[in-house]
Amino acid sequence: MNKNTIPDLVEQNEVEVFGARVHNLKNIDVSFPRNKLVVITGLSGSGKSSLAFDTIYAEGQRRYLETFSAYSRQFLGGLERPDVDKISGLSPVIAIEQKTTNKNPRSTVGTITEVYDFLRLLYARTGEAFSYVSGQKMERLSENQIIDRILSKFNNEPVNVLAPVVKGRKGHYRELFEQIRKQGFVKVRIDGELADLSPKMQVDRYKTHDIEVVIDRLIISEKDRNRLQSSVQQAMKLAKGVIKISNAANQEFFFSRFLMDPESGISYDEPQPNTFSFNSPYGACENCDGLGYVFQIDRESVIPDAKLSIMRGGLAPLGEYKDNWTFQQLKALAKKYGFSLTTPIKDLSEEHLSLIFDGAPDIISVPVSYNKWNVKTYQIVYEGLFKQLEEQYEQKSGNGDIESFRSLKTCTVCEGARLKKEALHFKIDHKNISELADLDISTLVAWFDNLESRLSDRQNIIATEILKEIRSRLGFLLDVGLNYLSLNRSAKTLSGGEAQRIRLATQIGSQLVNVLYILDEPSIGLHQRDNERLIDALKNLRDIGNSVLVVEHDKDMILAADYVIDMGPAAGLQGGDVVAQGTPEEILKSHTLTAAYLNQEKEILLPPTRRQSNGLALRIEGASGHNLKDVNVDFPLGCFISVTGVSGSGKSSLITETLYPILNHHFFRAKKTPLPYKKITGLENIDKVIEIDQSPIGRTPRSNPSTYTGVFSDIRNLFVQLPEAKIRGYKPGRFSFNVKGGRCETCKGGGMKVIEMNFLPDVQVPCETCQGKRYNRETLEVRYRGKSISDVLDMRIEEAVAFFEPIPSIYRKIKTLNDVGLGYLTLGQSSVTLSGGEAQRVKLATELSKKDTGKTFYILDEPTTGLHFEDVNVLLGVLNRLVQRGNTVLVIEHNMEVIKVSDWVIDMGPEGGRGGGELVFSGTPEDLAQNKISRTAKFIETELNFSNKVVS
């Protein structure tokens, strides 16, 4: 067979990549078996994502678009061909990345996985309706059933057969009365009173009315069944399916062919799936538009200092007293209700504050003087300061000043359920759809078990296929370790790992075959206990006939793979090669850095002794947000603290949503409201808080490590101080590639020019004017120690450390970048070329380079994301140096290598979701290993036993 002929996919057992040169890949050839679980590992920045996503996935995506017609492709835009000679054996590709999380507030776990769509169908077809007025079960009766009911209920009684045409609405209804009269009817009942129809009849247009047409007046008996049937038909035709019967005692009874409450007469429309959708106008709560929350003026923000009076500026939006309309209203209000605007706000009663903020029920007289003799008095109803501020906000399309006084509040109409009250009164086994969506997945699965035994025969016939789909999708969510999430959980609150595992569960549910799945660290945010289930889920994808390619650092995942590709040997320019490939057994026999850690030849050593606290502590009492169960916890200061626990146990609720907002508000007056808690003590023992989360750094080509850390501003200031720059009168803007003046105007400071190619992807070439240097000739003539500003940007960080050592402000920031293991990057390397682990460490270095005081509290959320064992070792060295200077470092972590070297461990749990939210353990890792309740204990015990052996 010809060497260049690509064999048929059915016959080819491997995916082969020839000559890959994307980013730092060094013209590598690599192959791996199809229909297997393949792991790509290696140091952060070694080329794993470049191979998996920027080469293999990019080529698969490009080939898919090539199947479209030329006409379709012109709207989609061309995808750039990755820099690779040839890829053969490639199946259709699906990438499941971390950064594809949907930030839409309307997107939830239920909508992403489609479970909520099946739930809506289930409720629309089998839900039982209950009245929101009386709580009675709603009835839907046929015409014959209605007649039988009337005959049995009112036998031998005189009744009025009424057709309700107006229910609780204002108007004079002159045309309606005339229309009814022309149809031959002679009597109507208006607000319970019978009246004869007469020409030009009308009612008070400003009052609310109930109007019914009297269809017939008869004594009910079996012999008059035909007359009753005719009257019922006529009434239902006139009132669109509803009929009312009133007896001699003036009691009223409703009957309807639609869903109706026989007691109060309210009716519901026939339920459809969109009746239960918070993204549809047919189902969404009208007050919050289906979001479950609204922005409202916040009383605490409006009153910054309760010791001040209203006249002295106690109400922040108004400021100090001015002779304007708002203050005139407040003066009139105070006069009428007997309080003073000069009284400190803290001394005003709740009743008076309510009048000020929410409005007064009675009319007040507001005198406005135009001059000394001309005073005009206005009679108004004061609607309250909050309503006035909301109106100002709407009129000015989001006034920035008023924005600062608004905060998120749960919708008071639907109480966060997002749906109209009618939708919330359809129930299956005593639960409405919102109550089901609020249950965590494991509880929801238990609720669906044996549901058939709690349904009627008719419901079972309808629900069989729907229940099968719901159960299978919920089962997939359990398989990937997401038992603690609820269907109502907003997608924007999910971590990268959670979002990725949800997409993985959705893909397993789709049951596609002969597909190449590429995943980016799916184990992020997953406790060791749940790792096995994730690996089983990936093997399940493999076993139904797919290839699974995973970029991963997790030891369990690497050892469970069928094939491993190890990238290296180092990162950045020193990486981009395949240093080992084969089965896990073959990788263990290789002499790579990864193999050294897997073989225990290298390891992260235990500290000789655990650091003791400095005797001070932060203490939170009564934390009860989300699933936290009135938690009291101490954070010893001057230590390295790990917060652990299974996924969903309450770690983020306690730290990022309770502790951090409290500290951030205390030190920086931040607006975010912490979750409920009773008390915090020990704030005086720290002087600032720094949080380093997983949000990405700037993702534009103009963003780079030097601009993100702020060191580029210091470098530009250094160049401005040079004699040559002073002679020429250059300012800092001269050395910026983002503003006119010193940059090359041909490429606008980008260094590259984009050449548009008809019918082909755009091509980037170095700018012909500046040759990729970004600046014009005059700017480049200014040099520091022989280097121009462009040379500095092209300098590797490890070189820049020595180069800028004499300049402390620059040296400190660059040294921190080098300390976190990023010495191989260049200062001007574009952010879009950084891996996830590199981007996070740039962010970490930015915070660590700020001067600490020895009393700083650092909070890090899974800092080991995207890091190899060796990278974790380097990171721990940096964090330990911070602690040695007296600071407190707290990490939320699942990585056992980090937990085992911590001074103090706070373990949450014992389970996730409703089974979590408790403080299971607080103490040293050695004591944690002895704990019988903790789910982390056995894993830390294994790590400690192994480490003790190695150290000794």
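Residues numbered from 1 in each chain as written. Predicted model: local features only at pLDDT ≥ 70, side-chain atom pairs only at ≥ 80, totals over all residues. Heavy atoms only, no water.

**Here we look at the overall build of the protein**
Counting secondary structure elements, the protein contains 33 helices and 34 strands. Judged by the C-alpha coordinates and their principal axes, the protein covers about 105 × 90 × 70 Å. A burial count over the protein gives 52% of its 952 residues as buried. A sequence separation of at least 24 residues applies to 68% of the contacts in the protein between residues at least 6 apart. When the accessible surface of the protein is split by element, carbon and sulfur atoms take 49% of a total near 44,000 Å². (Helix = DSSP H or I, 4+ residues; strand = E, 2+ residues; numbered from the N terminus. Buried < 20%, exposed > 50% of the residue type's maximum accessible area, 1.4 Å probe, protein only. Contact = heavy atoms within 4.5 Å. Areas by Shrake-Rupley, 256 points an atom, 1.4 Å probe, with all protein chains shown as cover.)

**Structural notes on the packing of helix 4 (residues 115-126) against helix 15 (residues 457-479)**
As a packed pair, helix 4 and helix 15 sit with axes 10 Å apart at the nearest point and diverge in direction by 170°. What the angle tells us is that helix 4 and helix 15 run roughly antiparallel. Contact residues: Val115, Phe118, Leu119, Leu121, Leu122, Arg125 and Thr126 in helix 4; Arg458, Gln459, Ile462, Ala463, Ile466, Leu467, Glu469, Ile470, Arg473 and Leu474 in helix 15. (Axes fitted to C-alpha atoms, helices over the stretch in contact; angles between N-to-C directions. Parallel < 35°, antiparallel > 145°, perpendicular 65-115°, else oblique.)

**A look at the sheet that holds strand 34 (residues 918-923)**
With respect to topology, six strands assemble into an open sheet ordered 28-31-32-26-33-34, the strand pairing being mixed. Taken across any chain shown, the strands that pair with only one partner, and hence form the sheet edges, are strand 28 (688-692) and strand 34. Strand-to-strand twist in this sheet, taken as the mean axis angle between neighbours without regard to direction, amounts to 15°. Along the sheet face, helix 21 (residues 651-668) touches strand 26 (640-644), strand 28, strand 31 (856-861), strand 32 (888-892) and strand 33 (904-909) and points at about 140° away from the line of strand 28. (Pairing = 2+ DSSP bridges.)

**Overview of the environment of glycine 909**
Along the polypeptide, glycine 909 turns up in strand 33. Glycine 909 gets classed as buried once you look at its relative accessible area, which sits at 0%. The spacing of glycine 909 and serine 649 is 260 residues in sequence and 4.6 Å in space, taken between C-alpha atoms. Setting aside chain neighbours within four positions, we find glycine 909 in contact with Ser649, Gly915, Gly916, Gly917, Glu918 and Val920.

**Some details on the packing of aromatic side chains**
Tallied over the entire structure, the rule returns 20 aromatic pairs. Ring plane angle 85° and centroid distance 5.8 Å describe the contact between tryptophan 325 and tyrosine 378, whose orientation is recorded as edge-to-face. Here tryptophan 325, found in helix 9 (residues 325-337), pairs with tyrosine 378, found in strand 17 (residues 375-381); they are 53 residues apart in sequence, far enough to count as distant. On the basis of relative accessibility, which here comes to 29%, the residue tyrosine 378 falls in the partly exposed class. On the numbers, 4.8 Å between centres and 20° between planes, the contact of phenylalanine 357 with phenylalanine 386 is stacked. Note that phenylalanine 357 is positioned in helix 10 (residues 350-358) and phenylalanine 386 in helix 11 (residues 385-395), a separation of 29 residues in sequence. Among the aromatic residues, ring-to-ring pairing joins Tyr123, Tyr132, Tyr268, Phe276 and Phe426 into one connected group. One residue, arginine 454, lies across the ring of tryptophan 447, its end atom 5.6 Å from the ring centre. A cation sits over an aromatic face here: arginine 774 above phenylalanine 737, 4.3 Å from the ring centre. (Phe/Tyr/Trp six-rings, centres within 6.5 Å; stacked < 30°, edge-to-face > 60°. Lys NZ or Arg CZ within 6 Å of the ring centre and 35° of its normal.)

**Digging into the pattern of salt bridges**
Throughout the structure, instances matching the rule amount to 58 salt bridges. Salt-bridge contacts for lysine 244 lead to glutamate 212; the nearest nitrogen and oxygen are separated by 2.6 Å. On the criterion of sequence distance, the pair formed by lysine 244 in strand 11 (residues 242-247) and glutamate 212 in strand 10 (residues 208-219) is long-range, its members being 32 residues apart. Lysine 244 gets classed as buried once you look at its relative accessible area, which sits at 6%. We note a salt bridge from glutamate 781 to arginine 728, for which the minimum N-O separation is 2.6 Å. Linking glutamate 781 in the loop between helix 25 (777-780) and helix 26 (789-793) with arginine 728 in helix 24 (residues 723-728), this pair joins segments that are 53 residues apart in sequence. (Salt bridge = Lys/Arg side-chain N within 4 Å of Asp/Glu carboxyl O.)

**A closer look at the environment of isoleucine 641**
On the secondary structure map, isoleucine 641 appears in strand 26. With 252 residues separating them along the chain, isoleucine 641 and glutamate 893 place their C-alpha atoms 9.9 Å apart. Excluding anything up to four places from it in sequence, isoleucine 641 contacts Phe635, Pro636, Thr888, Val889, Leu890, Val891, Trp904 and Ile906.

**Notes on the side chain of serine 703**
Structurally, serine 703 is set in the loop between strand 28 and helix 22 (705-709). The exposure class assigned to serine 703 is buried, which follows from its relative accessible area of 11%.

**Describing the environment of isoleucine 94**
Looking at where isoleucine 94 falls in the secondary structure, it is placed in strand 5 (residues 93-96). In this structure the C-alpha to C-alpha distance between isoleucine 94 and isoleucine 755, which are 661 residues apart in sequence, comes to 30 Å. When near neighbours in sequence (up to four residues on either side) are disregarded, isoleucine 94 contacts Tyr57, Gln507, Leu512, Val515, Leu516, Tyr517 and Ile518.

**What to know about the nonpolar core**
Counting 74 residues, the largest nonpolar core has Leu119, Leu122, Phe448 and Leu504 as its most contacted members. The element that contributes the greatest number of residues to this core is helix 15, accounting for eight residues. Those residues in contact with leucine 119 that sit more than four places away from it in its chain are Ile433, Leu436, Phe448, Ile470 and Leu487. Core analysis: the second largest hydrophobic core is formed by 58 residues, Ala571, Tyr858, Leu867 and Val883 among them. (Core = buried A, V, L, I, M, F, W, Y, C linked by side-chain atoms within 4.5 Å.)

**Description of the sheet that holds strand 24 (residues 617-623)**
Read from one edge to the other, the open sheet built from three strands follows the order 25-24-27, with strand pairing classed as antiparallel. A strand with exactly one partner marks an edge of an open sheet, and here the two such strands are strand 25 (631-636) and strand 27 (679-681). For this sheet, the mean inter-axis angle between neighbouring strands, taken without regard to orientation, is 10°. Of the strand pairs in this sheet, strand 24 and strand 27 are connected by three bridges, and their pairing is antiparallel. By the bridge assignment for strand 27, arginine 619 is matched with threonine 681.

**Some thoughts on the confidence of the model for the protein**
The predicted model of the protein has a mean per-residue pLDDT of 88, with 95% of residues at 70 or higher. Mean pLDDT per element in the protein: helix 12 (residues 400-403) is the minimum at 66, and strand 26 is the maximum at 97. Considering only residues more than four positions removed or in separate chains, one finds that residues 1-10, a stretch of pLDDT under 50, has nine contacts. (pLDDT = per-residue confidence, 0-100.)

**A short note on the packing of helix 14 (residues 441-448) against helix 15**
Where helix 14 meets helix 15, the axes come as close as 10 Å, and the angle between the chain directions of the two elements is 150°. Between helix 14 and helix 15, the angle is such that the two are roughly antiparallel. Considering the relative orientation of helix 14 and helix 15, their crossing is left-handed. For the pair helix 14 and helix 15, contact is made by Ile441, Ser442, Leu444, Val445 and Phe448 and by Leu467, Ile470, Arg471, Leu474, Leu477 and Leu478, respectively. Residues of the contact of helix 14 with helix 15, tallied by class, amount to nine nonpolar, one polar and one charged. (Left-handed = near helix turned anticlockwise from the far one by under 90°. Nonpolar A, V, L, I, M, F, W, Y, C, P; charged D, E, K, R; others polar.)

**Side note on unusual backbone geometry**
Following glycine 568, the chain continues to proline 569 via a peptide bond in cis, the omega torsion being 0°. In the Ramachandran plot, lysine 200 falls in the positive-phi region, its phi being about 60° despite a non-glycine side chain. Checked against the element boundaries, lysine 200 lands in the loop between strand 9 (193-196) and strand 10. We note that aspartate 630 has phi near 55°; this positive angle belongs to a residue other than glycine. Relative to the helices and strands, aspartate 630 is located in the loop between strand 24 and strand 25.

**Re helix 1 (residues 48-66)**
Taking 1.5 Å as the rise per residue, helix 1 with 19 residues should run 27 Å; its terminal C-alpha atoms sit 26 Å apart, in good agreement. Maximal helix bending in helix 1 amounts to about 30°, located at alanine 58. (Expected span 1.5 Å × (residues − 1). Bend = angle between axes of the 7 residues up to and from the residue.)

**With respect to the pairing of strand 8 (residues 187-190)**
Here four bridges tie strand 8 to strand 9, and the two strands are oriented antiparallel to one another. Along strand 9, the bridge assignment pairs valine 188 with alanine 195. Counting the residues that bridge the hairpin from strand 8 to strand 9 gives two residues, and of these aspartate 191 lies at a positive phi of roughly 50°.

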